[in-house]
Amino acid sequence: MKAVWYERTGPAREVLEFGEIPTPSPGRGQVLIRIHASGVNPSDAGMRAGPAPMAYPRIVPNSDGAGVVEAVGPETPSHWVGRRVWFYNGQRNGRAFGSAAEYIELDADLVTPLPDEVSFAEGATLGIPCMTAHRSLFVAGPVQGRTVLVTGGAGAVGHYAVQLAKWAGANVIATTSSETKAARAREAGADLVVNYRAEDVAQAVRDFTGGAGVDHVVDVDFGGNLPVTLACVKLNGSIAFYATKGEPRPLVPAGDLMRLNLSVHGVYLPVSPHAARQRAQADILQWISTGRRILAVAGRHALRDCAAAHEQVESGTKAGTVVVEPLAN
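Residues numbered from 1 in each chain as written. Predicted model: local features only at pLDDT ≥ 70, side-chain atom pairs only at ≥ 80, totals over all residues. Heavy atoms only, no water.

1. Structural notes on helix α2 (residues 42-49)
- Here α2 has its buried residues at D44, A45 and R48. Projected down its long axis, α2 shows its buried positions confined to an angular sector of 95°, all on one face.
- Where α2 is buried, its residues contact α1 (12-15), β3 (30-40) and α11 (306-314).
- One or two residues past the end of α2 sits G50, with phi positive at roughly 90°. (Buried < 20%, exposed > 50% of the residue type's maximum accessible area, 1.4 Å probe, protein only. Helix = DSSP H or I, 4+ residues; strand = E, 2+ residues; numbered from the N terminus. Arc of directions from axis to C-beta. Contact = heavy atoms within 4.5 Å.)

Laid out in structure tokens, this is it:
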């Protein structure tokens, strides 16, 4: 099969190679997927760029994707054959070969049906971003009737968190850094959008909630946002963060967290509980089947142009997910 791989880390155009490698066969409990679209996450580009050492001698990048199941392995239900699916964690948790290829073999529990009305490119935008959004949103319990603050509400994870929160019946406040991003968050369903560069986020939250604060925070930068977050969240509230790049090793005011009786959850999808990931897959399937969804494809590239896809992700200007399409010329 045709695939893209790298055997050393570095700039995309210097290390990514395009060519032929053996087509995999599905093992016990696995399916073989003919890939129609491969989603590129920032973590995929980051792993390829380094500076961390290579985890395997050869890596086929990208973890998410969508396609059609062509075969199943032993002890895998035959009903999967011929089904349109989306998947995640293709190049994670001990797997060296991801979705930048014509085929991938995966454990069936990493695969979810894709409704006919959702394109393969749109399906490839789900995976890690949407699964992370779901876990971050529901890790502390139901959100129906509650008020949720989503920081970075226009980002890949944040945009899905806003949509899922509205689908689940929450009131949603989102923060963004520009009017263009604010429009994206409003389109996703946010009830209030606050420009954190121009406005007092905590004051806006207090005004919106009548001084009560929010029940739960889905946070893109725990360390960088912590002072503002603590001014926004209510007594017995909760915070779930999936990144902390602004301050990787923050000084945490434990006394403040204690007095607010807060629960704080770090979210890293590959090691999240299996039951939680299964629930996320089921909920996401139900949500995307309703027709009220925005699955943003930021760019589309042929497989041989995978380097251009990685560069688009690294540019930091995308709105949505960049995809690579193995069937494109």
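2. Remarks on helix α5 (residues 156-167)
- Along its 12 residues, α5 runs 17 Å from first to last C-alpha, staying within 8% of the 16 Å computed at 1.5 Å per residue.
- Counting buried positions over the 12 residues of α5 gives 9, a clear majority of the element.
- Here α5 has its buried residues at V157, G158, H159, Y160, A161, V162, Q163, L164 and A165.
- On its buried face, α5 is in contact with α4 (127-138), β8 (147-151), β9 (171-176), α6 (179-188), β11 (214-219) and α10 (274-288).
- Following α5 by one or two positions, G169 has its phi on the positive side, about 95°. (Expected span 1.5 Å × (residues − 1).)

3. A look at the sheet that holds strand β10 (residues 192-195)
- Strand order in the open sheet formed by 6 strands is β10-β9-β8-β11-β12-β13, with parallel pairing between adjacent strands. Looking at the sheet topology across the chains shown, the edges are occupied by β10 and β13 (263-266). Going across the sheet, the axis of each strand differs from the next one's by a mean of 15°, ignoring polarity.
- Examined bridge by bridge, β9 and β10 share 4 bridges and lie parallel to one another. Across the sheet, T175 pairs through a bridge with V194, a residue of β10. (Pairing = 2+ DSSP bridges. Axes fitted to C-alpha atoms, helices over the stretch in contact; angles between N-to-C directions.)

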